[in-house]
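Read off the chains here:
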Amino acid sequence: MKKLFVFTFLSAGVIALVSCNDVKREQGRVYMPDMAYSRAYETYAERDSTKFTTDPNDASDKIFYNNKPVEGTIARGEEMPFPLAKDLGKDTANYFASKAITNPITAALNTADSTEAARLYLVNCGICHGTALDGNGPLYKDGKGPFSAAPAMLVGNKKYEEMPEGQMFYSVTYGKNMMGSYASQLSRKQRWMIVKFIKEQQLAKAAPAAAPATAAATPAKDSTAAKK
């Protein structure tokens, strides 16, 4: 038994010594090499034309890659694209063109979204336009605040009540007059939510005022005619 153990030990030692030399050997074939060795490359680096192609017709022989996103996909945060750029100088073409753009949020805000939109409005807009959207925020404060110019009265002013949502979004995105841009503070969805919230508040405040006017316009019934 001891002889077998010694023989096995010596044989393993000889094999180990023979194996440790400077002779380079082929590693053989690797099963599914892409799983073991990733094809790492820089996005904007020049590619090896023998391996990569930008021609879809060569996709069967080479790796097709053209630096473009997959058709039909959008980048994160770009789910509500706004097609108009900021007007340059005194140009107002895009500002007026924004009237034709509709709010992608077509349905009424649910309770959770309405609460969030109200919070976003108070944090970003209420300081100027007021918590009641009356243009009397802390920065104006009936003309006694730091700002002498009165902010826009979003509720109760026909100009802003009739302003299209797209034009309102343009103003929030790029700024207008004394108001700066809020594109860095709010995502596109958040800006559209605030615009939707403002429009819903305008409708809510206008509804009670419209009721008495409708009642006054309704003619009274002729009691004499009723008796006949």
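Everything below is about the structure printed above this text.
Throughout what follows, the structure given in this document is the object of discussion. (Residues numbered from 1 in each chain as written. Predicted model: local features only at pLDDT ≥ 70, side-chain atom pairs only at ≥ 80, totals over all residues. Heavy atoms only, no water.)

### Considerations on the overall build of the protein chain
For the record, the criterion: Runs of H or I in DSSP of at least four residues are treated as helices and runs of E of at least two as strands, each being numbered from the N terminus. Burial status follows relative accessibility: with a 1.4 Å probe on protein chains alone, a residue under 20% of its type maximum counts as buried, one over 50% as exposed, and anything between as partly exposed.
Helix and strand content of the protein chain: nine helices and two strands. Reading the secondary structure of the protein chain in the N-to-C direction produces α-α-β-β-α-α-α-α-α-α-α. Expressed as a percentage of its 228 residues, the buried residues of the protein chain come to 24%.

### Here we look at helix α7 (residues 165-174)
With eight of 10 residues buried, α7 lies mostly within the body of the structure. Of all the positions in α7, only G166, Q167, M168, F169, Y170, S171, V172 and T173 are classed as buried. Positive phi shows up at G175, right after α7, with a value of about 90 degrees.

### Concerning unusual backbone geometry
Within the chain, K141 stands out as a residue other than glycine whose phi angle is a positive 50 degrees. Considering the arrangement of structural elements, one finds K141 in the loop between α5 (126-129) and α6 (158-161). On the basis of relative accessibility, which here comes to 54%, the residue K141 falls in the exposed class. Of note in the backbone geometry, D142 takes a positive phi value of approximately 60 degrees without being a glycine. Position of D142 relative to the elements: it lies in the loop between α5 and α6.

### Notes on a nonpolar patch on the surface
The line we're drawing: The patches described consist of residues with a relative accessible area above 30% and no salt bridge, like charges being joined within 9 Å and nonpolar side chains (Val, Leu, Ile, Met, Phe, Trp, Tyr) within 5 Å. Surface accessibility follows the Shrake-Rupley procedure with a 1.4 Å probe radius. Residue values consider only the protein chains on display as shielding. Just to be clear on terms, a salt bridge is a Lys or Arg side-chain nitrogen sitting within 4 Å of an Asp or Glu carboxyl oxygen.
Residues F5, V6, F9 and L10 make up a contiguous nonpolar surface patch of about 470 Å² in total accessible area. Looking at V6, the relative accessible area reads 44%, which means it is partly exposed.

### Side note on the side chain of Q167
Operational definition: Within 3.5 Å is the distance limit for a polar contact, defined as a pair of N or O atoms, with the added protein rule that one can donate a hydrogen and the other accept it, and that residues adjacent in sequence qualify only through two side-chain atoms. Contacts: residue pairs with any heavy atoms within 4.5 Å of one another.
Structurally, Q167 is set in helix α7. A polar contact of 3.2 Å, which involves the side chain of Q167, links it to the backbone oxygen of Y95. Setting aside residues up to four positions removed in sequence, Q167 forms contacts with Y95, F96, S98 and K99.

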